[in-house]
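Chains, contacts and geometry: an overview
Each chain, letter by letter, is given below.
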Amino acid sequence: QVQLVESGGGLVQAGGSLRLSCAASGTIFRTNNMGWYRQAPGKQRELVARITSGGNTFYVDSVKGRFTISRDNTKNTVYLQMNSLKPEDTAVYYCNRTPMPFDYWGQGTQVTVSS
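Here goes a summary of the coordinates provided. Everything numeric in this text was worked out from a predicted model, so none of it was measured. (Residues numbered from 1 in each chain as written. Predicted model: local features only at pLDDT ≥ 70, side-chain atom pairs only at ≥ 80, totals over all residues. Heavy atoms only, no water.)

Quick word on the packing of aromatic side chains
- Tallying each qualifying case throughout the model produces 2 aromatic pairs.
- With centroids separated by 5.1 Å and ring planes inclined at 85 degrees, the aromatic side chains of Tyr-37 and Trp-105 adopt a geometry described as edge-to-face. With Tyr-37 in strand E4 (residues 34–39) and Trp-105 in the loop between strand E9 (91–97) and strand E10 (109–114), this residue pair connects regions lying 68 residues apart in the sequence.
- A relative accessible area of 24% places Trp-105 in the partly exposed class.
- Geometrically, the ring pair formed by Tyr-94 and Trp-105 is edge-to-face, given 5.8 Å between the ring centres and 85 degrees between the ring planes. Linking Tyr-94 in strand E9 with Trp-105 in the loop between E9 and E10, this pair joins segments that are 11 residues apart in sequence.
- Connected via pairs of aromatic rings, a cluster forms that spans Tyr-37, Tyr-94 and Trp-105.
- Positioned over the ring face of Tyr-94 is Arg-45, at 4.2 Å from the centre of the ring.
- Positioned over the ring face of Trp-105 is Arg-45, at 3.9 Å from the centre of the ring. (Phe/Tyr/Trp six-rings, centres within 6.5 Å; stacked < 30°, edge-to-face > 60°. Helix = DSSP H or I, 4+ residues; strand = E, 2+ residues; numbered from the N terminus. Buried < 20%, exposed > 50% of the residue type's maximum accessible area, 1.4 Å probe, protein only. Lys NZ or Arg CZ within 6 Å of the ring centre and 35° of its normal.)

See the structure below:
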């Protein structure tokens, strides 16, 4: 059974930082590439960062240089360190497999960046 539990969101001023965590089922975590997605109000969900099972990373241009994705395979957890946050980063953040997300999505964690 797939389990994805995101945490670490909150309200922060522009320029601030947050660290998101996602605890995943062990059976799905170790062999899958994982990604952080976000969905802003009125917009489609988008992938912002991914990390392969081997640790290679990819970022969309809008977060490159500000966000860092990492994973701890011993804890079945993937992280997203977000620095220099901007109001346009405001969204609900989710983790899931990539490139083919599971049908199941966790509850997400809300990130709100005030200007």
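That was the structure; now back to the text.
Comments concerning the environment of Ala-49
- With respect to the helices and strands, Ala-49 occurs in strand E5 (residues 46–51).
- Separated by 42 residues in sequence, Ala-49 and Ser-7 place their C-alpha atoms 16 Å apart.
- What Ala-49 contacts, discounting residues up to four positions off in sequence, is Met-34, Gly-35, Trp-36, Phe-58, Tyr-59, Ile-69 and Leu-80. (Contact = heavy atoms within 4.5 Å.)

Considerations on unusual backbone geometry
- The omega torsion of the bond from Thr-98 to Pro-99 falls at 10 degrees, within 30 degrees of zero and hence cis.
- Examined against the element boundaries, Pro-99 turns out to sit in the loop between E9 and E10.
- Even without being glycine, Asn-76 reaches a positive phi, approximately 50 degrees.
- For Asn-76, a relative accessible area of 16% puts it in the buried group.
- Non-glycine residue Ser-84 carries a positive phi angle of around 50 degrees.

So, the sheet that holds strand E1 (residues 4–7)
- Spatial ordering of the open sheet is given by E1-E3-E8-E7, a layout of 4 strands whose pairing is antiparallel. Here the strands that pair on one side only, and so sit at the sheet edges, are E1 and strand E7 (67–72). Each strand of the sheet is rotated relative to its neighbour by a mean of 15 degrees, with strand direction disregarded.
- Sheet topology places E1 next to strand E3 (residues 18–24); 4 bridges connect them, and they run antiparallel. Looking at E3, one finds that Glu-6 is bridged to Cys-22. (Pairing = 2+ DSSP bridges. Axes fitted to C-alpha atoms, helices over the stretch in contact; angles between N-to-C directions.)

Examining the pattern of salt bridges
- This model, assessed by the stated rule, comprises 4 salt bridges.
- We note a salt bridge from Arg-66 to Asp-89, for which the minimum N-O separation is 2.8 Å. Of this pair, Arg-66 sits in the loop between strand E6 (57–59) and E7 while Asp-89 sits in the loop between strand E8 (77–82) and E9; the two residues are 23 residues apart in sequence, bridging distant segments of the chain. Both residues of the pair, Arg-66 and Asp-89, belong to the buried class.
- Through salt bridges with shared partners, a single network forms among Arg-38, Glu-46, Arg-66 and Asp-89. (Salt bridge = Lys/Arg side-chain N within 4 Å of Asp/Glu carboxyl O.)

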